[in-house]
Amino acid sequence: MTLLALLLSLMLERGLTHLLHLRELRWLDGYVDWSGRLIGQRTGHWLKLAAAAFVLFPVVPVALVSEALGSQLLGLPQLAFAVVVLLFSFGPRDLKDEVDDYLAALKCGDEAGASGRAMELLESDAVGRGAGRRIAVEEAIFVQANNRLFGVIFWFMVLGPAGAWLFRISDLMRRRAAFEVSRRAQPPAELDYSDALSWVHGALGWVPARLTAMSYALAGSFEDAVGSWRLAVDQASHGLLDRTEDLLARVGAGSLQASLTRVPADELDVATARGAWRIVSRALWVWLAVIAALILAGSIA
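My aim in this report is to walk through the structure given alongside it, one point at a time. (Residues numbered from 1 in each chain as written. Predicted model: local features only at pLDDT ≥ 70, side-chain atom pairs only at ≥ 80, totals over all residues. Heavy atoms only, no water.)

**Examining the overall build of the protein**
Then, number 1: Scanning the protein from N- to C-terminus turns up 13 helices and zero strands.
Then, number 2: Put simply, the protein runs from its N terminus to its C terminus through helices and strands in the order α-α-α-α-α-α-α-α-α-α-α-α-α.
Then, number 3: Buried positions account for 49% of the 301 residues belonging to the protein.
Then, number 4: Roughly 14800 Å² of accessible area belongs to the protein as shown, and the carbon and sulfur atoms make up 64% of that amount. (Helix = DSSP H or I, 4+ residues; strand = E, 2+ residues; numbered from the N terminus. Buried < 20%, exposed > 50% of the residue type's maximum accessible area, 1.4 Å probe, protein only. Areas by Shrake-Rupley, 256 points an atom, 1.4 Å probe, with all protein chains shown as cover.)

Next up, the structure:
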């Protein structure tokens, strides 16, 4: 029922876009702020361990419910629970809707609207190496696809509903902590709570990001993507999460490069964003095909 839960949640997400604001989980902001105050000025490995513990705490109820449901009533309650958890784990906003809104603003010549939509996509933490809005949006689509979709799917396949929820909680908590740091405008410490939460999310995202990058290569120009992968390794950033995001941005851009060579300059903004989403959607089909094959192979064995 794992694949069925995954397919149902992906289909329902497209039909329930008017309810996606519920995935913002604003109640978690207070929890993040409280845990940050509780940790105080701790540093080093103890800070990372404390951050990991605080990320795990909201996941425990989901794990307990999933375990309690088990295979009761032919597994239907477990299936329904998995679908609900996945629906709340994807996001917090729908990436395709954001890309569509950005494209619509570009086509209408609404520069202010396009810039606003671009900021929503960037979420202030996608790579955005300063090469302009078009490149920043392209990178954001490839990076956020791992945060909102592929990382959730990977951990769902590994640990079930609790795994999907774990990845979403780690992402939401590190975003809130980063927002608080920027809001206070305080000089960064050597390692603060925000850095520790980014490290936890980066650790959870390390494997799915590499699988996602591989699927980008399969979904687009494989040779260009592999070349970009080598470049990302040679010019790796310092932070764990930064290295992961840089890899996703470079490989995604490389996989798309060949399809943009004959696009007129005045159409590049639209073609790049649309092409980036096309690579992401193809990569999603690659993931679903591989998951289906693995489940089938496991059932035969």
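**Brief notes about the nonpolar core**
Then, number 1: One finds Met173, Tyr193 and Tyr216 to be the most contacted residues of the largest nonpolar core, which totals 86 residues.
Then, number 2: Ranked by the residues each element gives to this core, the list is headed by helix α8 (residues 133-159), at 14 residues.
Then, number 3: If we skip the residues at most four places from it in the chain, methionine 173 touches Leu28, Tyr31, Val32, Ser35, Phe54, Val55, Tyr193 and Leu197. (Core = buried A, V, L, I, M, F, W, Y, C linked by side-chain atoms within 4.5 Å. Contact = heavy atoms within 4.5 Å.)

**Things to note about helix α7 (residues 111-122)**
Then, number 1: For α7, which comprises twelve residues, the first-to-last C-alpha distance of 16 Å matches the rise-based estimate of 16 Å (1.5 Å per residue) to within 8%.
Then, number 2: Elements that come into contact with the buried residues of α7 comprise α6 (95-107) and α8.
Then, number 3: Just downstream of α7, glutamate 123 is the residue with a positive phi angle, here 55 degrees. (Expected span 1.5 Å × (residues − 1).)

**Overview of the pattern of salt bridges**
Then, number 1: Taken as a whole, this structure holds 13 salt bridges when the rule is applied.
Then, number 2: Between arginine 148 and glutamate 98 there is a salt bridge; the shortest N-O distance is 3.0 Å. With arginine 148 in helix α8 and glutamate 98 in helix α6, this residue pair connects regions lying 50 residues apart in the sequence.
Then, number 3: Judged by relative accessible area, which is 5%, glutamate 98 ranks as buried.
Then, number 4: Across the pair arginine 174 and aspartate 171 runs a salt bridge whose closest N-O atoms are separated by 2.8 Å. Of the two residues, arginine 174 and aspartate 171 both sit in helix α9 (residues 161-184), three residues apart, roughly one turn of that helix. (Salt bridge = Lys/Arg side-chain N within 4 Å of Asp/Glu carboxyl O.)

**Points about the packing of aromatic side chains**
Two aromatic rings are characterised by how far apart their centres lie and by the angle between their planes.
Then, number 1: Taken as a whole and assessed by the stated rule, the structure comprises eight aromatic pairs.
Then, number 2: With a centroid separation of 6.1 Å and 35 degrees between ring planes, the pair formed by tyrosine 31 and tryptophan 34 is classed as tilted. A residue pair is termed a helical-turn pair when its members lie 3 or 4 positions apart in one helix, as tyrosine 31 and tryptophan 34 do in helix α2 (residues 27-39) at three residues. (Phe/Tyr/Trp six-rings, centres within 6.5 Å; stacked < 30°, edge-to-face > 60°.)

**Some words on the packing of helix α4 (residues 60-69) against helix α5 (residues 76-89)**
Then, number 1: Across the interface, α4 lies against α5 with an axial gap of 9 Å and an inter-helix angle of 155 degrees. Judged on the interaxial angle alone, α5 and α4 are roughly antiparallel. Classified by chirality, the crossing of α5 by α4 is left-handed. When α4 is examined against α5, the residues Val62, Val65, Ser66 and Leu69 are found in contact with a partner set consisting of Pro77, Gln78, Phe81 and Val85.
Then, number 2: Partitioning the contact of α4 with α5 into residue classes produces six nonpolar, two polar and no charged. (Axes fitted to C-alpha atoms, helices over the stretch in contact; angles between N-to-C directions. Parallel < 35°, antiparallel > 145°, perpendicular 65-115°, else oblique. Left-handed = near helix turned anticlockwise from the far one by under 90°. Nonpolar A, V, L, I, M, F, W, Y, C, P; charged D, E, K, R; others polar.)

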